Each structure stands twice: as structure tokens, then as C-alpha cells.
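# Chain and residue survey
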Amino acid sequence: MPYYRMVGEVPRKRHVQFRRPDGGLYAEELMGEEGFSSDSSLLYHRHLPTAILKSEAVEPTAATALTPNLPLSPRHFRTQDLPVNGDLVTGRGLLAGNADVRMSYVATETPSELYRNSMGDECVYIASGRVRFESTYGVIEAGEGDYVVIPTGTIHRWVPEGRVTAFTIEAAGHIRPPKRYLSKHGQFLEHAPYCERDLRGPQEPLIVEGEEVPVLVRTRGGLTRLVYRNHPFDVVGWDGCLYPFAFNINDFEPIVKLTHAPPPVHQTFEGPNFVICSFCPRPLDFHPEAIPIPYNHHNVDSDELMFYAGGDYTARRGSGIDVGSISLHPAGFTHGPQPGAVEAVIEAVRQGHSTTSELAVMVDTFRPLDLGPAALSVEDPAYAWTWAR
Ligand SMILES: [Fe+2]
């Protein structure tokens, strides 16, 4: 994250003695990216963050095999048909992925155990329900429409309040605001569709007492469960530019044009070889002869996966796509509005409709996406042929 926050108690200078009320030293920990050369935070623990008692291998509970998109086809997956399963970490049903990013869907009511993803950042989009995100940095209360961005290595857990559904994006690297939205020193620029005030970080420390606390750790080699001597939620204060935060999709300020604007205006975050875009309710393009839905397009370098989160998606009318659906339009295939959609929207505008209520999260990847078992279990096989009806 580009900007500085401080939560709880920290010493006036970094790397100096900082003592507990009983006279002992707090344990300072640096969480930093790119080998001391990028964003970092300093956290002050009551106990040693290095004290582990046990390490054991964990078998994955969900199927993780990926299948190439062959024969090549546009796809429609109905996540609304996936069952409630596991928790917000172990219950993820893998939808699609490649070496850069894995996307999953989860519906759950169960709190997760403590979890650390050491392979990369995660962006968890809460599609419905409310959930408390607890971490070494503190708590973020999240709800429908929130992206929760979690830096690599952050120990955290998810505690749902009732049923929660989420679309999860796991990167093999870091997820950040697009560089073009930021000044050379990291402040959001005036043309950016959101800014610092829209990002919600933890407000105060979260202290939990406990001993022999298991933490599920995801690494490139697989899953491990480390047992910590003391509960990792023992940070009395932290400061820096690296921390989890939430951003609500309804705080995204859509950019509109006289004629149709391409998806980069909807870009919200970027990761290694992928981007995340938010399609939000907005005025339609306002040229008197505008066609205010997308033209047919072939992004020759991208696979495009879209999660339909809410509203009415005019360009897909008649395709079977509904809220909760996911479409995958791969490179090698030209996609565009369903037949009749262009004339229908022109007529709607003529009758006075001037806005769209669509709400969607799109992930464009720069390398092909393979298909996950959860997606294949809820595929609508008729979708590929809907343009030819
Ligand atoms: Fe597209």
C-alpha cells in the first residue's frame, strides 16, 4: 500500500528498546516486500513471533487440479449452484487459474482457522453476507461489495456472521492500485476512481491470549500447519505502509465517456500478469447515437473472467447469465454482446433509460486460464452457442 498508517503503541524511534509494563522487551518484527526494498511495516509483539512448537504437513481438502480450456470455448459457470462448504479458506472451490493467479468461490457459515498465505497476496471479494476479518494487524469488518486485500504472509482468520459468499483471487505476487493512479510518491491522483479515504484498514490492535495455536500456512510446496507457542494476535502496535485493507466496490467512482469506454477505466487493482476491474452502476455513454454497451472485441493477450455480482447486465441478456454467474472469454475467441442486445439498449435509451445497474468484478489475465474442478461442476454447456442462436 502506498501510504502510512500507525495503529496502537509503537516506540518513538524504530529499532530501539520498547518495553512491556513488566519490564520485558516487546519483540519487533518487520513484514516487508521485495527483500527490504519495498513497502513494509514494523509490528510489536508481546511474545516471540518465531516461537513454534510443531510443524506438520496438511493434505488439501479441496480438489486443485486444473484442466486446459480445450477444446477452446467461452464458458459460463453458475457459482450460485455451488454448495456451502468448509470455511473461507478451506472451502474454496477452484474456478480457474494459471501460474500467476488462482480464482475460487466459497459459500460458508463457518469460522476459519488461522491462515497465512506465503505464496502471494489475496483479494477476497465479499459477494454477500458479513464477515469479521481478524489479523495480526487488527480487525476489519467486511460486508457485501468489499474487496479485502491481504498482504502475503499476514496471519489472519475469517469469522462469518451467518452465511457468506466470496469470490477469491490468490496472486503469485502483490496486488496493488494501478501505478497510473498514483503520484510518483504514491498518493492517489485526482483522476483515480478512488483514493486513500476509501480504504479501510485496521483501527486498533487485536490481542488474543492463547497457547499452542495452529496456523495453516500455504507455500509453493503445499500446506503446512505450524503450531505457535503463543497466539499470533499479540501485536500491541504497528506502523508502516504494508497492511490489509478493505475497499468497497460502491466507493469506486466510475469514469464515463461520450462513447463507449474500454475496461481499463474500470481497473481497480493490478497483480502480476493480471488486473482486477470493477463494473459499477453508472450513467450510460451520452453521445446521441452512442451504442452504450461493449463492441465485439478480441483481447489477443488476455483471458477475461467476469463475476456478475449484482444488477442487470444488459450485454449478456438472453445468455443465461445471472447474478452469481461467471463468464470466461478466452484469447482466441472474439466476444461481444448477445444477439439483439445492441438494438435493445438503443431502444431503452430512446425511452429514457440513461443508467446501467450492472455490478461485476472482472479479472483479465495475461496468460491463459486453466479450468478448476468447481467451475466444471457447474458449467452451463449451452453458453458457447448463444451468439449463434
Ligand atoms: Fe470483454
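Every chain begins its residue count from 1, and numbering advances along the sequence as written. Reporting of local features is limited, given that this is a predicted model, to residues whose pLDDT is at least 70; pairs of side-chain atoms are given and counted only at 80 or more, and all residues count toward the totals for whole chains, interfaces and linings. For the side-chain quantities, the full set of heavy atoms in the structure was used; hydrogens and water were omitted.

If you check an unreviewed UniProt entry, the protein appears there as Homogentisate 1,2-dioxygenase from Streptosporangium sandarakinum. UniProt positions are given in the numbering used here, feature names are shortened, and annotations may be inferred rather than shown by experiment. The record held by UniProt for the protein lists under Sequence similarities (unreviewed entry) the comment "Belongs to the homogentisate dioxygenase family." Quoted verbatim from the Cofactor (unreviewed entry) heading of the UniProt record, the comment on the protein is "Fe cation".

This part takes up the coordination of the iron ion. The donor set covers N, O and S atoms within 2.8 Å of the metal, switching to 3.2 Å for Na, K and Ca, and it leaves out water, so a site may look short of donors. Around the iron ion, the protein supplies His297 (NE2), Glu304 (OE), Glu304 (OE) and His335 (NE2) as donor atoms, at distances of 2.0 to 2.7 Å. Around the iron ion, the 4 donor atoms sit at angles spanning 53 to 168°, and that spread fits a shape best called irregular. Note on geometry labels: four donors, all angles 85 to 135 degrees, give tetrahedral; four donors become square planar and six octahedral when opposite donors are over 155 degrees apart and every other angle is between 65 and 115; remaining cases are irregular.

By the assigned domains, the protein splits into domain 1 (50-62 + 82-248) and domain 2 (252-385). Start and end points for every domain follow an automatic or database-based domain assignment. With centres defined by C-alpha atoms, the gap from domain 1 to domain 2 works out at 27 Å. Taken together, the 38 residues of domain 1 in the interface contact 35 residues of domain 2. Taking both partners together, domain 1 and domain 2 bury about 2800 Å²; carbon and sulfur atoms supply 65% of that area. Computed with a 1.4 Å rolling probe, the buried area is the accessible surface lost when two parts are put together, summed over both parts. Interface area lost by domain 1 to domain 2 is led by Asp100, Tyr147 and Pro193, which between them contribute 19%. Salt bridges are identified by distance alone: a Lys or Arg side-chain nitrogen within 4 Å of an Asp or Glu carboxyl oxygen. In this assembly, domain 1 and domain 2 are joined by 2 salt bridges. Measuring nitrogen to oxygen at the nearest pair gives 3.5 Å for the salt bridge that ties glutamate 270 to lysine 179. The greatest single-element share of the side of domain 1 that touches domain 2, amounting to 5 residues, is contributed by strand 6 (residues 93-97). We call Asp, Glu, Lys and Arg charged. Ala, Val, Leu, Ile, Met, Phe, Trp, Tyr, Cys and Pro are nonpolar, and the rest, Gly among them, are polar. Grouping the amino acids of the side of domain 1 that touches domain 2 by side-chain chemistry returns 26 nonpolar, 7 polar and 5 charged. Contact between two residues is taken to exist if any of their heavy atoms lie within 4.5 Å; hydrogens are not considered. Every helix listed is a DSSP run of H or I at least four residues long, and every strand listed is a run of E at least two residues long, numbered separately from the N terminus.

Right, let's talk about the environment of serine 354 for a bit. By the secondary structure assignment, serine 354 is in the loop between helix 1 (341-350) and strand 23 (355-356). Burial classes follow relative accessibility: with a 1.4 Å probe on protein chains only, a residue under 20% of its type's maximum area counts as buried, one over 50% as exposed, and anything between as partly exposed. By relative accessible area, serine 354 is classed as partly exposed at 48%. As a C-alpha pair, serine 354 and phenylalanine 286 span 68 residues in sequence and 8.1 Å in three-dimensional space. Once residues lying within four places of it in the same chain are set aside, the contact partners of serine 354 are Arg282, Pro283 and Leu284.

So, on to the sheet that holds strand 2 (residues 27-32). The 4 strands lie next to each other as 1-16-3-2, forming an open sheet whose pairing is antiparallel. Unpaired on one side and paired on the other, strand 1 (5-8) and strand 2 mark the two borders of the sheet. Within the sheet, the average angular offset between the axes of one strand and its neighbour, ignoring direction, is 15°. Strands pair, by our definition, only if DSSP identifies at least two bridges between them. Here strand 2 pairs with strand 3 (residues 40-45) via 6 bridges, running antiparallel. Bridging across to strand 3, methionine 31 finds its partner in serine 41. Comment: axis = line fitted to C-alpha atoms, over the contacting stretch for helices; angle = value between 0 and 180 degrees taken between N-to-C directions.

Any two of the Phe, Tyr and Trp rings considered here, Trp counted by its six-membered ring, make a pair once their centres fall within 6.5 Å; the pair's planes then place it as stacked at under 30 degrees, edge-to-face at over 60, or tilted in between. Using the criterion set out here, one finds 21 aromatic pairs in the structure. With 6.3 Å between their ring centres and 45° between their planes, tyrosine 105 and phenylalanine 307 make a pair best called tilted. With tyrosine 105 in strand 7 (residues 101-108) and phenylalanine 307 in strand 21 (residues 303-310), the pair connects residues that are 202 residues apart, well separated along the chain. Each member of the pair tyrosine 105 and phenylalanine 307 is classed as buried. Between the aromatic rings of tyrosine 194 and phenylalanine 252, the centroid separation amounts to 6.5 Å while the plane-to-plane angle is 40°, which identifies the pairing as tilted.

Quick look at the layout of surface pockets now. In this analysis, the protein atoms alone were mapped onto a 1 Å grid. Cavities are point sets where a 1.4 Å probe fits without being able to get out; pockets are open sets with protein on both sides within 12 Å along at least five of seven lines; lining residues have an atom within 4 Å of a point. Grid points are joined across faces, edges and corners, and a volume is the space filled by probe spheres set on the points. The calculated volume of the largest pocket comes to roughly 650 Å³. Taken together, 48 residues make up the lining of the largest pocket; nearest its centre are His260, Phe279, Arg282, Pro294 and Glu358. When residues of the lining of the largest pocket are traced back to their parent elements, those giving at least two are strand 19 (274-279), strand 21, strand 22 (325-329), helix 1, strand 23 and strand 24 (359-365). Looking at the lining of the largest pocket residue by residue, the classes come out as 24 nonpolar, 15 polar and 9 charged.

Working definition of a nonpolar core: buried Ala, Val, Leu, Ile, Met, Phe, Trp, Tyr and Cys residues. They are joined through side-chain atoms within 4.5 Å. Core analysis: the largest hydrophobic core is formed by 53 residues, its most contacted members being Tyr125, Tyr147, Phe167, Ile169, Phe269, Ile276 and Phe307. Broken down by element, the residue count for this core peaks at 4 residues, all from strand 7. Shared between two domains, this core takes at least three residues from each, and those domains are domain 1 (50-62 + 82-248) and domain 2 (252-385). Residue contacts for phenylalanine 269: discarding those within four places in its chain leaves Tyr147, Val149, Ile175, Arg176, Pro177, Pro178, Tyr194, Phe245, Phe247, Val275 and Ile276. Judged by nonpolar contacts, the second largest core, of 19 residues, contains Val124, Ile140, Leu223 and Ala246.

Okay, the pairing of strand 8 (residues 114-117) next. Two faces, one strand: in a regular strand the side chains alternate between the faces of the sheet. Both faces of strand 8 are covered, namely the face carrying Leu114 and Arg116 and the face carrying Tyr115 and Asn117. As paired elements, strand 8 and strand 14 (residues 211-219) share 4 bridges and run parallel to each other. Looking at the pairing, asparagine 117 lines up with arginine 218 of strand 14.

Attention shifts here to the UniProt feature "binding site: Fe cation" (unreviewed entry) in the protein. Per the UniProt record, the feature "binding site: Fe cation" (unreviewed entry) sits at His297, Asp303 and His335. Considering the C-alpha atoms alone, the annotated residues occupy 39 residues of sequence yet fold into one spot, their largest mutual distance being 11.9 Å. As for the annotated residues named above, the ones lining the largest pocket are His297 and His335. Relative to the elements of secondary structure, histidine 297 occurs in the loop between strand 20 (282-283) and strand 21. Setting aside residues up to four positions removed in sequence, histidine 297 forms contacts with Glu304, Phe333, Thr334 and His335. Within polar-contact distance, the side chain of histidine 297 engages the backbone oxygen of tyrosine 295 at 2.7 Å. Note that aspartate 303 resides in strand 21. A relative accessible area of 5% means that aspartate 303 is categorised as buried. The residues contacting aspartate 303, other than those within four sequence positions of it, are Leu328, His329, Pro330, Ala331, Val363, Asp364, Thr365, Pro368 and Leu369. Identification of polar contacts relies on pairs of N or O atoms within 3.5 Å, with a donor-acceptor requirement for protein atoms, meaning one able to donate a hydrogen and the other able to accept it, and with residues adjacent in sequence counted only if both atoms are side-chain atoms.

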